[in-house]
Amino acid sequence: MTATAKYWRIALGIAVIAALIIVPLNFNRYGLFILSQWAVMTIAAMGLNLTLGYAGQVSLAQGAFVGIGAYAAAIMTTQGMPLIAALGVAVVLCFAIGWILGYPALRVQHHYLAFVTLAFSTLAFLVFRNEDWLTKGIYGISNIPRPNVMGFATNRPLPFYYFCLGSLVTVSLAMWWLIRSPWGRAFVALRENPVRALSLGIDTRRYTLMAFAIGSALGGVAGTLYAPLTQYIDPVPFNLSLSLDLLMMVIVGGSGFFFGPFLGAMIAVLLPEWLRFTQGYYLMLYAVAVMLLLIYSPTGILGILDRYLAERRTKAASALRAVAKSRLETAP
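Keep in mind that this is a model prediction, so the values were computed, not measured.

Scoring rules and cut-offs
- Residues numbered from 1 in each chain as written.
- Predicted model: local features only at pLDDT ≥ 70, side-chain atom pairs only at ≥ 80, totals over all residues.
- Heavy atoms only, no water.
- Helix = DSSP H or I, 4+ residues; strand = E, 2+ residues; numbered from the N terminus.
- Buried < 20%, exposed > 50% of the residue type's maximum accessible area, 1.4 Å probe, protein only.
- Contact = heavy atoms within 4.5 Å.
- Lys, Arg positive; Asp, Glu negative; His and termini not counted.
- Charge placed at Lys NZ, Arg CZ, Asp CG, Glu CD.
- Core = buried A, V, L, I, M, F, W, Y, C linked by side-chain atoms within 4.5 Å.
- Axes fitted to C-alpha atoms, helices over the stretch in contact; angles between N-to-C directions.
- Parallel < 35°, antiparallel > 145°, perpendicular 65-115°, else oblique.
- Left-handed = near helix turned anticlockwise from the far one by under 90°.
- Nonpolar A, V, L, I, M, F, W, Y, C, P; charged D, E, K, R; others polar.
- Arc of directions from axis to C-beta.
- Disulfide = S-S within 2.5 Å.

(A) A look at the overall build of the chain. When helices and strands are tallied, the chain shows 14 helices and 4 strands. Across its three principal axes, the chain shows a C-alpha extent of roughly 90 × 50 × 45 Å. Out of the 332 residues in the chain, the part that is buried amounts to 45%. Put simply, of all contacts in the chain between residues at least 6 apart along the chain, 76% involve residues at least 24 apart. Mean positive and mean negative side-chain charge positions of the chain (22 and 10 charges, respectively) differ by 9 Å.

Shown next, in the form of structure tokens:
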């Protein structure tokens, strides 16, 4: 990457962050709710992107982990406990369950693994719905409080949006470090060729379990934010459709790309709102747009950009080779 391209990327990142901070100042309550939901779903999609995009393990259980985090936050905060304690419980619980759920991935792959995680997602939904003593069943849990952060209340929409945005930035920085660490390179090696990764001395068993566990823990983080965002939860939002939505976010944005979940969550959360001017047709247009995108680029939106940049690099390299060849031919 040239110095100019690096500066342009930094400038673009600063501009996007500034826009996310300044533009919402003029948004109404509903607009802030949608942006906060985008931040929460992006965190959950980042966890699935680690499991699927980087480690190559298919999971249809991410929505269940969001539900576990949401119920942990709802149950504990309505009993007077701080949200940070609920976050710790949700992360540990989701990490442990994700680690256990990773064991089938050691024996089965692809659609077989998808069925295993689908079964867990169904089991979690049945627990949310039927265990009234813990989750209050179909009646749900209401009056979920929003936290105080360093003495500042977040009970109003704008402060809570900034709380969600700050959480997204923190998780993004941690994920950026993880992907560029030896662990991240081991995850990619596991996705590309498990046999070759094993031959290079990578403990594929351990990294498969870690991919599930860390991705599931991020689902728990998202759920911990989702509960105070809506301030009421019941089992319905955490059925299989949420896991499928998160899977779509990862694939549409670009599986295996760091910013894929950001774009995918934007498409899944914001695009339907932008298409509401079409009234009853907006869901149809949304579905058609997603299908056309995946037909044109199965690697998602960032796959199109990556393909374009690869073609530019190839042309630039070909031009340099042609110049070098002409110089060699004209040399005495």
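Next, the rest of the story.
(B) The side chain of Ser 121, seen in detail. Positionally, Ser 121 belongs in helix α5 (residues 111–130). On the basis of relative accessible area, Ser 121 is assigned to the buried category, the value being 2%. Excluding residues within four positions of it along the chain, Ser 121 makes contact with Leu 60, Ala 61, Ala 64, Leu 240 and Ser 243.

(C) Fine view of the nonpolar core. Counting 84 residues, the largest nonpolar core has Ile 233, Phe 238 and Leu 246 as the members making the most contacts within it. Ranked by residue count, the leading element in this core is helix α2 (residues 29–54), at 15 residues.

(D) The packing of helix α3 (residues 62–77) against helix α10 (residues 204–230), seen in detail. One way to put it is that α3 packs onto α10 with a least axis distance of 6 Å and a crossing angle of 45°. Here α3 is positioned oblique relative to α10, judged by the angle of their axes. Every pair of crossing elements has a handedness; the one defined by α3 and α10 is right-handed. Packed against α3, whose contacting residues are Gln 62, Phe 65, Val 66, Gly 69, Ala 70, Ala 73 and Ala 74, the element α10 presents Gly 215, Ser 216, Gly 219, Gly 220, Ala 222, Gly 223, Thr 224, Tyr 226 and Ala 227 at the interface. Class assignment for the residues of the contact of α3 with α10 results in 8 nonpolar, 8 polar and no charged.

(E) Just helix α8 (residues 182–192), in detail. All of the buried residues along α8 are Gly 184, Ala 186, Phe 187 and Leu 190. When α8 is viewed along its axis, its buried side chains cluster within an angular range of 160° and face the same direction. Along α8, exposed side chains directed more than 90 degrees from the buried face belong to Pro 182, Arg 185 and Glu 192. Next to the buried residues of α8 lie α2, α7 (157–179), α9 (194–199) and α10.

(F) Representation of unusual backbone geometry in the model. We note that Asn 143 has phi near 55°; this positive angle belongs to a residue other than glycine. With respect to the secondary-structure elements, Asn 143 resides in the loop between β1 (141–142) and β2 (148–149). With a phi angle near 60°, Gln 231 is a residue other than glycine that sits in the positive phi range. Its place among the elements puts Gln 231 in the loop between α10 and β4 (232–233). Look at Gln 231 and you get partly exposed, because its relative accessible area is 30%.

(G) Expanded view of the state of the cysteines. Inspection of the entire model under this criterion finds 0 disulfides. Cys 94 takes part in no disulfide bond, and the closest cysteine sulfur to it belongs to Cys 164, at a distance of 17 Å.

(H) Geometry of the packing of α7 against α10. Across the interface, α7 lies against α10 with an axial gap of 11 Å and an inter-helix angle of 175°. By the criterion of interaxial angle, the relationship of α7 to α10 is roughly antiparallel. On α10, the residues that touch Phe 160, Phe 163, Ser 167, Val 171, Met 175 and Leu 178 of α7 are Ile 214, Leu 218, Val 221, Leu 225, Pro 228 and Leu 229. The class makeup of the residues in the contact of α7 with α10 is 11 nonpolar, 1 polar and no charged.

(I) Expanded view of the environment of Phe 258. With respect to the helices and strands, Phe 258 occurs in the loop between α11 (240–253) and α12 (260–274). Separated by 204 residues in sequence, Phe 258 and Tyr 54 place their C-alpha atoms 9.4 Å apart.

Coordinates in, geometry out; function isn't part of it.
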